[in-house]
Amino acid sequence: MSYETLVVERRAQVGWLIFDRPERANAMDATMLAELERAWRELDDDPAVSVIVNTGNGRAFQTGLDVGQLASDRDALREQSRRTRDAELRLTAWHNGVWKPVIAAVNGVCAGGGLHFVADADVVLLASDATLVDPHVSIGQVSAYETIGLARKSPMESISRLALVGRHERMTAARAHQLGICSQVVDPPSALRDEAQALAETIARTPLDDLVRTKRALWGALEGPPDQRPR
């Protein structure tokens, strides 16, 4: 498949899903919102891919919705608002029922809705210059899905602070590592993709069926009754 806002690649048994709107800090416009669902499905359906790495081109990893663009596309904005209201998001691997392991390789800033991709990854690597920020309350919005997801990885107080202080608080990679939000800080930042590829190849040595069953067991333990878990 071809994409306007994403790059989808394969390297050995590793699939890469790369945000590719660097001029807009990889913010999600209407096209990316549609393409994400297709890209996750493409990589999940590819029998040659055992692990997926998610990262961004340019100086940012992912900065949430491109509100300016969506304001000019009422249909896309209405649909995204409905999905948010009804908890039917289709942004991340978890949202799309992808059970292959996912590594988030976070380069630069990750803001707002971009935090979905950190919260929903199985393994998170942060470049040493990466930062996390949640500006929702600073622009009159509720911080909910993303920070609730992060609270599965971190002590609640640190996530409450991130959510309540809004754009005035930036969490560093070192702090995220202390809190358990990521398992590795990569320095220099230029080594991030090589480290993610190496880790993904190590994980891919295990048969895919075993990886999938393990991921299902771990996430199932977190997500409540069986009828509320993603399929």
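The structure reproduced in this document is the subject of the present report.

The rules we used
- Residues numbered from 1 in each chain as written.
- Predicted model: local features only at pLDDT ≥ 70, side-chain atom pairs only at ≥ 80, totals over all residues.
- Heavy atoms only, no water.
- Helix = DSSP H or I, 4+ residues; strand = E, 2+ residues; numbered from the N terminus.
- Expected span 1.5 Å × (residues − 1).
- Bend = angle between axes of the 7 residues up to and from the residue.
- Buried < 20%, exposed > 50% of the residue type's maximum accessible area, 1.4 Å probe, protein only.
- Disulfide = S-S within 2.5 Å.
- Pairing = 2+ DSSP bridges.
- Right-handed = clockwise from strand over helix to strand, strands pointing away.
- Axes fitted to C-alpha atoms, helices over the stretch in contact; angles between N-to-C directions.
- Core = buried A, V, L, I, M, F, W, Y, C linked by side-chain atoms within 4.5 Å.
- Contact = heavy atoms within 4.5 Å.
- 1 Å grid on protein atoms, 1.4 Å probe; cavity = no way out; pocket = protein on both sides within 12 Å on 5 of 7 lines; lining within 4 Å.
- Points joined across faces, edges and corners; volume = space filled by probe spheres on them.
- Nonpolar A, V, L, I, M, F, W, Y, C, P; charged D, E, K, R; others polar.

Here helix α1 (residues 30-45) spans 24 Å end to end across 16 residues, near enough to the 22 Å set by a 1.5 Å rise per residue. At L36, α1 shows its largest bend, some 25 degrees. Those residues of α1 lying buried are A30, M32, L33, E35, L36, A39, W40, E42, L43 and D44.

Quick look at the state of the cysteines now. By the definition in use, this model includes 0 disulfides. We note that C182 lacks a disulfide partner, and the nearest cysteine sulfur, in C110, lies 12 Å from it.

Our next topic: the pairing of strand β2 (residues 14-19). For β2, the tally of buried residues reaches 6 of 6 residues, placing the bulk of the element in the interior. Going residue by residue along β2, you find V14, W16 and I18 tucked away on one face and G15, L17 and F19 tucked away on the opposite face as well. Taken together, the 6 bridges between strand β1 (residues 6-11) and β2 define a ladder with antiparallel strand orientation. Counterpart to R11 in the pairing with β2 is V14. The loop that links β1 with its antiparallel partner β2 comprises 2 residues; one of these, A12, has a positive phi angle of about 60 degrees. Relative to strand β3 (residues 51-56), β2 runs parallel, the two being bridged by 6 bridges. The residue bridging G15 from the neighbouring strand is I52, located in β3. This β-α-β element, β2 to α1 to β3, shows right-handed connectivity.

The sheet built from 4 strands is open, its strands ordered β4-β6-β8-β9 with mixed pairing. Edge positions in the open sheet fall to β4 (60-62) and β9 (171-172), since each of these has one partner strand only.

In terms of burial, strand β5 (residues 102-106) is a largely internal element, 5 of the 5 residues being buried. Side chains V102, A104 and V106 project from β5 onto one buried face, and the interleaved I103 and A105 project onto a second face that is buried too. Relative to β5, β3 runs parallel, the two sharing 3 bridges. Across the sheet, residue I52 finds its bridge partner in β5, namely V102. In this structure, β5 lies alongside strand β7 (residues 123-127), joined through 4 bridges in parallel fashion. Residue pairing for β7: A104 is matched across the bridge by V124.

Bringing the sheet that holds β2 into the picture now. What the 6 strands build is an open sheet, ordered β1-β2-β3-β5-β7-β10; its pairing is mixed. The sheet is open, and its two edges are formed by β1 and β10 (184-186), each paired on a single side. Averaged over all adjacent pairs, the angle separating strand axes in this sheet is 20 degrees, with direction ignored.

Attention now goes to the nonpolar core. In this structure, L36, V106, L126 and I181 are the most contacted members of the largest nonpolar core, which totals 58 residues. The dominant element in this core, judged by the number of residues it contributes, is α1, at 7 residues. Contact partners of V106, with chain neighbours within four places excluded, come to F61, V118, V124, L125, L126, A127, A130 and L192.

The next thing to look at is the environment of V98. One can find V98 in the loop between α3 (74-85) and β5. Since its relative accessible area comes to 2%, V98 is described here as buried. Along the sequence, V98 and S183 sit 85 residues apart, while their C-alpha atoms lie 21 Å from each other. Beyond its immediate stretch of four places on either side in the chain, V98 contacts W40, R41, D44, I52, A93 and K215.

In this structure the tally under the stated criterion is 1 cavity of 30 Å³ or more. In this structure, the largest cavity spans a volume of roughly 40 Å³. Taken together, W40, N54, T92, A93, W94, V102, F117, D120 and A121 form the lining of the largest cavity. For the lining of the largest cavity, the residue count by class is 6 nonpolar, 2 polar and 1 charged.

Structural measurements only, silent on function.
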